[in-house]
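Listed here are the chains, written in short residue letters.
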Amino acid sequence: MGVLDHLVLADSPIVFEGAKDYSIITDLRVDEILPDLRVEVEHHETHTPEHREALQRLVTAQREVRNTQEGYWVAASSPEAAEHALTGTTPLDHVHAAAVMSDGVSRLVTEYGMATWSEAFRMLSRGGPRELIEMVRKVEATDPTGRRWPRYKAGDDATVAFCQW
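Report follows, based on the coordinates. Predicted model, so just to flag it, every value in this text is computed and none were measured. (Residues numbered from 1 in each chain as written. Predicted model: local features only at pLDDT ≥ 70, side-chain atom pairs only at ≥ 80, totals over all residues. Heavy atoms only, no water.)

Right, let's get into the overall build of the protein. Of regular secondary structure, the protein possesses 4 helices and 6 strands. Helices (α) and strands (β) of the protein occur, in sequence order from the N terminus, as β-β-β-α-α-β-β-α-α-β. Computed over its C-alpha atoms, the radius of gyration of the protein comes to 17 Å, within 12% of the 15 Å expected for a compact globule of 165 residues. On the principal axes, the C-alpha backbone points of the protein span a range of 55 × 40 × 25 Å. Of the contacts made within the protein by residues no fewer than 6 positions apart, 64% connect residues no fewer than 24 positions apart. Taken as a whole, the protein presents about 9,400 Å² of accessible surface, with 53% of it coming from carbon and sulfur. When the 17 positive and 27 negative side-chain charges of the protein are each reduced to one mean point, those points stand 7 Å apart. (Helix = DSSP H or I, 4+ residues; strand = E, 2+ residues; numbered from the N terminus. Rg over C-alpha atoms; globule rule 2.2 N^0.38 Å. Contact = heavy atoms within 4.5 Å. Areas by Shrake-Rupley, 256 points an atom, 1.4 Å probe, with all protein chains shown as cover. Lys, Arg positive; Asp, Glu negative; His and termini not counted. Charge placed at Lys NZ, Arg CZ, Asp CG, Glu CD.)

Right under this line is the structure:
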């Protein structure tokens, strides 16, 4: 029987759809880094001078600890990052479909709570990544200043790879 091997870095999850439930594999170590600066950014509405200043402080501080033992790891120009990834294996007979996505898409479920994984996979099956990403953008448009869902920017990167078998 076949298997699916995974390697996850940063906040881009892999979600497996099984017969009865969903398994989410994500690396949230970045959330543990610089919590005070993260709270400061989320305290301000997006597109305000205060938000931009707080975000710049956070980004500058993150750059200092990114891909270091004291910080968190992302896929970048450092091949060493792969050595710090979350890895594992899932039996293929336990999975009907899988999606790898950026956090700009997964937040529809994880942060906004505006869909379940079941609904997200239904959208992916019906309309592919475009339909799911359009739903994320529609939801974000209802909160352009980040008041309801504090975030770093009005809309983050949105990428999805979806496989069914």
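Here we come to unusual backbone geometry. Its identity as a non-glycine residue notwithstanding, His47 has a phi of 70 degrees, on the positive side. Within the fold, His47 resides in the loop between helix H1 (35–43) and helix H2 (49–65). In the Ramachandran plot, Asn67 falls in the positive-phi region, its phi being about 60 degrees despite a non-glycine side chain. Within the element layout of this structure, Asn67 appears in the loop between H2 and strand S4 (86–91). Residue classification places Asn67 among the buried residues on the basis of a relative accessible area of 16%. (Buried < 20%, exposed > 50% of the residue type's maximum accessible area, 1.4 Å probe, protein only.)

To continue, consider the side chain of Asn67. Among the polar contacts listed, one links the side chain of Asn67 to the backbone nitrogen of Val74, at a separation of 2.7 Å. Every residue in contact with Asn67, bar those within four places of it in the chain, is listed here: Tyr72, Trp73, Val74, Ala76, Ser78 and Ala81. (Polar contact = N/O pair within 3.5 Å; in protein donor to acceptor, adjacent residues only side chain to side chain.)

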